[in-house]
Amino acid sequence: MILRALFFIFILNINLFSCGYWIDPYEKEFIFLDNRNSPLANYSNLDEAAVYNTIIYEYEQKNKEANLKEWKKELKNRYSIENIEDFIYKRKNLNLLRDNEISEYIKFVEKQESCVTYDYYKPVPTGCEGYIDEALNNIDKTTSQYLKLRYFYLAFRLAHFKQQEPLKIYEKYKYLLQNDTKTIVKDWIQGIYAGALIKNGQTVNGVYEFSKLLDESKINSHLSYYNFFHIKTNEQWNELLAKAQNNEEKTKFYALRSLKPESNILEELENIKKVDVNSKWLDFVLFRELLNYQLFFNQNEETVIELPKKYIEFLKTI
């Protein structure tokens, strides 16, 4: 409610500001707003190449940091973050590892890596299907629940990339997800699962599963929007809405649709309000709009903004 009141006061007074300077949106200046955890909240046009590249870069940095922290905990804090980065990302000094199973896991990650990355200058690797079986065998062999989940992810990802019936693997090993352990690996698997559904022709189901990643607790929440483009028809949209299990999911769908550059923000705000006027997704969309308008906080003659009266009328209703 504070955000909504702030937005209302701000837009009513926006034309009072003048003789200022233009703020480059790519500098991501926050004049009076706090940077939110969700990358989708902090940028205007998410389809701009520069914005997309920034979000991906930030994701990779956060993902690496979170992964290293999980490994540090699994290795019982016996090694520094720098040591663990050498083990996991540089595959150096593995002789220092006291756990042979983890050492073998890291070596397996390295040898299958070329099967899930694309290098224009290198030939397409062969034998990748064999790595799928090897990863699955390692799930059964290891007693470590930590490594079981990570081998599951590797096998699932390989099968997805090589179109080797990944959904069968998911169905067989999804029981490994059924615990309260918080790990970024579950987010990775969720992303692969959603993508595998779409590749299997289950477009709406896949977009629905991607939407579950739109949460500040998820490491790869950006995938929820960057795969929303698969919804192309009214029939698909209505099918997606019908899949909503509750009002929170339904309002999330409207919020996702509002992120498209061609979307009608006021219409989506109205849609969300009709479902739940107290929805966090109403605040999410309002925050993005307020962020857009604060870019014009100090205007000059060349950046005069005219605020649609419909915005003011809408804000009066909430």
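Reading the values: rules and limits
- Residues numbered from 1 in each chain as written.
- Predicted model: local features only at pLDDT ≥ 70, side-chain atom pairs only at ≥ 80, totals over all residues.
- Heavy atoms only, no water.
- Salt bridge = Lys/Arg side-chain N within 4 Å of Asp/Glu carboxyl O.
- Helix = DSSP H or I, 4+ residues; strand = E, 2+ residues; numbered from the N terminus.
- Buried < 20%, exposed > 50% of the residue type's maximum accessible area, 1.4 Å probe, protein only.
- Contact = heavy atoms within 4.5 Å.
- Core = buried A, V, L, I, M, F, W, Y, C linked by side-chain atoms within 4.5 Å.

(A) The pattern of salt bridges, seen in detail. Taken as a whole and judged by the stated rule, the model has 15 salt bridges. Residue Lys69 pairs with Glu65 through a salt bridge whose shortest N-O separation is 3.4 Å. Taken together, the residues Lys69 and Glu65, both in helix α2 (residues 49-74) and four residues apart, mark about one turn of the helix. Exposure remark for Lys69: the relative accessible area of 52% places this residue in the exposed category. Here Glu65 falls in the partly exposed class, since its relative accessible area comes to 43%. With its nearest N and O atoms 3.8 Å apart, the salt bridge here joins Glu248 to Lys280. With Glu248 in helix α12 (residues 247-258) and Lys280 in helix α14 (residues 280-294), this residue pair connects regions lying 32 residues apart in the sequence. Classification of Glu248 by relative accessible area gives partly exposed; the value is 32%.

(B) A look at the environment of Leu256. Within the secondary structure, Leu256 is located in helix α12. Of the residues examined, Leu256 reaches a relative accessible area of 1% and is grouped as buried. With 32 residues separating them in the primary sequence, Leu256 and Ser224 have C-alpha atoms 7.9 Å apart. Ignoring any residue separated from it by four or fewer positions in sequence, one finds Leu256 in contact with Ser211, Leu214, Ser224, Tyr225 and Phe228.

(C) Broad picture of the nonpolar core. If you look at the biggest cluster of nonpolar residues, it comprises 48 residues, and the most contacted ones within it are Trp71, Phe152, Phe156 and Ile189. At eleven residues, helix α6 (residues 145-161) tops the list of elements feeding residues into this core. Setting aside anything within four residues of it in sequence, one finds Phe156 in contact with Pro166, Leu167, Ile169, Tyr170, Ile189, Ile192, Tyr193 and Ala196. Listed in part, the 42 residues of the second largest apolar core include Tyr208, Leu214, Trp237 and Leu269.

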